[in-house]
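Listed below are the residues making up each chain.
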2 protein chains.
Amino acid sequence: MQIGDLSRHAGVNIETIRYYERAGVLPVPARQGNGRRIYGEADVRRLGFIRHARDLGFDLQSVRTLLALQEQPEASCTDASRIAQAQLDEVERRLAQLQSLRAELSRMVAECRKGVVAECRVIEALNTSPF
Amino acid sequence: MQIGDLSRHAGVNIETIRYYERAGVLPVPARQGNGRRIYGEADVRRLGFIRHARDLGFDLQSVRTLLALQEQPEASCTDASRIAQAQLDEVERRLAQLQSLRAELSRMVAECRKGVVAECRVIEALNTSPF
DNA sequence: GCTTGCTCCTGTAGTGACTACAGGTTGTAG
DNA sequence: CTACAACCTGTAGTCACTACAGGAGCAAGC
């Protein structure tokens with residue numbers, strides 16, 4: 001399998017695959033005689049893992065840690081849990097803020113529809129910290 | 001108030017403040033005789049707004065739009081409503097996305113028995129395609 | 001055997017939103 | 001007068017890509 005096939009299988013841009021290699025999250029692959037990269041099924045799975053983690057908002061450093069953990073099945077998984085918990089906390093923080101922004105925006109839209117002069121409180125809504 | 005005070009009041013890096021000026025989300029401030037930037041209370045509020053919007057994941061272009069919305073004269077209510085509605089749609093989209101992230105992350109964390117990596121649900125979840 | 005066109009290669013540069021630093025000026029306290 | 005903090009401009013680095021230039025390999029059709 002060469003890079004184009006891997007790209008199609010994993011749904012990841014070719015340039016991104018080469019970037020992941022440079023970034024050290026994908027192993028340096030073997031080459032064909034003509035210099036082209038050769039990949040296998042393991043690379044498709046690893047790339048899927050990386051994309052999934054990235055989609056969940058983990059940065060590449062966290063991905064490296066998670067991948068390293070995956071390769072030590074006997075190690076404790078407290079590290080993995082801690083990384084995931086930190087990510088969850090961050091997502092929940094953003095959810096709370098977005099919910100208050102949604103309330104403010106929909107209030108504005110509703111007031112405009114009624115023809116009432118909307119007193120815009122977007123700044124206040126965003127300045128009212130949820131902490 | 002000069003840039004260092006604004007930085008402390010708003011909790012935003014000095015370099016970032018100058019960057020926001022270049023990016024056109026903070027107005028070009030007046031200068032003292034010695035060339036130093038002068039800010040007022042309005043800048044503190046505006047900066048707070050920008051930071052919160054950025055924390056919610058809006059890019060600087062959206063921030064510009066939100067700021068423009070905030071500064072809409074009361075006359076152009078239909079216009080303001082249209083902009084607010086567009087931002088509201090975007091917020092709803094982000095909310096839905098974050099909610100599914102939270103669901104997956106919290107399931108991962110909840111099912112992690114803090115044992116060994118071999119049985120770790122966090123790692124396993126990442127290996128399982130979300131589709 | 002030659003051309004066309006696809007896929008691949010390397011290397012560099014651009015993106016957005018910062019962040020850091022170099023090298024210089026101004027203001028203030030001891 | 002000296003030390004040092006705070007400011008100035010301008011440039012370069014960061015992250016996670018993404019795009020592109022310029023070249024090589026290969027397969028199919030003429």
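Residues numbered from 1 in each chain as written. Chains lettered and ligands numbered in written order. Predicted model: local features only at pLDDT ≥ 70, side-chain atom pairs only at ≥ 80, totals over all residues. Heavy atoms only, no water.

## Some details on the confidence of the model for chain A
- With 85% of its residues at a pLDDT of 70 or more, chain A has an overall mean of 83.
- Of all the helices and strands in chain A, helix H6 (residues 122-127) of chain A carries the lowest mean pLDDT, 60, while strand E2 (residues 37-38) of chain A carries the highest, 96. (pLDDT = per-residue confidence, 0-100. Helix = DSSP H or I, 4+ residues; strand = E, 2+ residues; numbered from the N terminus.)

## Examining the interface of chain A and chain B
- Between chain A and chain B, the contact holds 47 residues from the first and 45 residues from the second.
- Together, the buried faces of chain A and chain B total about 4300 Å²; carbon and sulfur atoms form 76% of this surface.
- Along the contact surface separating chain A from chain B lie 1 salt bridge.
- Salt-bridge contacts for B:Glu92 lead to A:Arg102; the nearest nitrogen and oxygen are separated by 3.2 Å.
- At the boundary of chain A with chain B, the tally comes to 3 residue pairs in polar contact (both at pLDDT 80 or more).
- Among the residues forming the side of chain A that touches chain B, the class breakdown is 26 nonpolar, 14 polar and 7 charged. (Contact = heavy atoms within 4.5 Å. Buried area = accessible area lost by both parts, 1.4 Å probe. Salt bridge = Lys/Arg side-chain N within 4 Å of Asp/Glu carboxyl O. Polar contact = N/O pair within 3.5 Å; in protein donor to acceptor, adjacent residues only side chain to side chain. Nonpolar A, V, L, I, M, F, W, Y, C, P; charged D, E, K, R; others polar.)

## With respect to the protein's contact with DNA strand D
- Not every one of the 19 residues close to DNA strand D is listed here, only the nearest: A:Tyr19, A:Arg54, B:Gly4, B:Arg18 and B:Arg37.
- Of what DNA strand D places within 4 Å of the protein, 72% of the atoms are sugar or phosphate.
- At 3.2 Å, a side-chain N or O of A:Thr16 approaches a phosphate oxygen of DNA strand D.
- Between DNA strand D and A:Leu60, the relevant distance is 3.0 Å, taken from a phosphate oxygen to a main-chain nitrogen or oxygen of the residue.
- Contributions of two or more residues to the surface near DNA strand D are made by helix H2 (14-23) and helix H3 (41-55) of chain A together with helix H1 (3-10) and helix H2 (14-23) of chain B. (Near = heavy atom within 4 Å.)

## Re the side chain of A:Asp43
- As for its position among the elements, A:Asp43 is in helix H3.
- Beyond its immediate stretch of four places on either side in the chain, A:Asp43 contacts A:Leu6 and A:Pro27.

## Observations regarding the UniProt feature "coiled-coil region" (unreviewed entry) in chain A
- Look at the UniProt record and you will see "coiled-coil region" (unreviewed entry) annotated at residues 81-108 of chain A.
- The straight-line gap between the two end C-alpha atoms of residues 81-108 of chain A is 41 Å; of that span, 100% is helix and 0% is strand. (UniProt positions renumbered as here; feature names shortened; annotations may be inferred.)

## Details of the packing of aromatic side chains
Residues and elements named next belong to chain A.
- Counting across every chain of the model gives 2 aromatic pairs over all chains.
- Here Tyr19 and Tyr20 contribute two aromatic rings whose centre-to-centre distance is 6.0 Å and whose plane-to-plane angle is 50°, an arrangement assigned as tilted.
- Residue class for Tyr19 comes out partly exposed when judged on its relative accessible area of 40%.
- For Tyr20, a relative accessible area of 3% puts it in the buried group. (Phe/Tyr/Trp six-rings, centres within 6.5 Å; stacked < 30°, edge-to-face > 60°. Buried < 20%, exposed > 50% of the residue type's maximum accessible area, 1.4 Å probe, protein only.)

## Points about the protein's contact with DNA strand C
- Taken together, 19 residues lie around DNA strand C, and A:Gly4, A:Arg18, B:Asn34, B:Arg54 and B:Asp59 are the ones closest in.
- When the atoms of DNA strand C within 4 Å of the protein are sorted by group, sugar and phosphate make up 72%.
- Within the side chain of B:Glu15, one N or O atom sits 3.3 Å away from a base nitrogen of DNA strand C.
- One of the backbone N or O atoms of B:Leu60 is found 3.0 Å from a phosphate oxygen in DNA strand C.
- Here the surface near DNA strand C takes 4 residues from H2(B), the largest share from any one element.
- Partitioned by chemical class, the residues of the surface near DNA strand C number 5 nonpolar, 5 polar and 9 charged.

## Description of the pattern of salt bridges
Residues and elements named next belong to chain A.
- Evaluation of the coordinates by the stated rule reveals 13 salt bridges over all chains.
- Between Arg37 and Glu21 there is a salt bridge; the shortest N-O distance is 2.7 Å. Here the residue Arg37 occupies a position in strand E2, and Glu21 occupies one in helix H2, the gap between them amounting to 16 residues. The same class applies to Arg37 and to Glu21, which are both buried.
- Notably, a salt bridge pairs Glu71 with Arg46, separated by 2.7 Å at the nearest N-O pair. You can see Glu71 sitting in the loop between helix H4 (60-70) and helix H5 (78-113) and its partner Arg46 sitting in helix H3, a full 25 residues away along the chain.
- When salt bridges with common partners are traced through the structure, they connect Glu90, Arg93 and Arg94 into a single cluster.

## Some thoughts on the environment of B:Ala30
All names here are of chain B.
- On the secondary structure map, Ala30 appears in strand E1 (residues 30-31).
- Under the relative-accessibility criterion, Ala30 is labelled partly exposed at 49%.
- The residues contacting Ala30, other than those within four sequence positions of it, are Arg36, Arg37 and Ile38.

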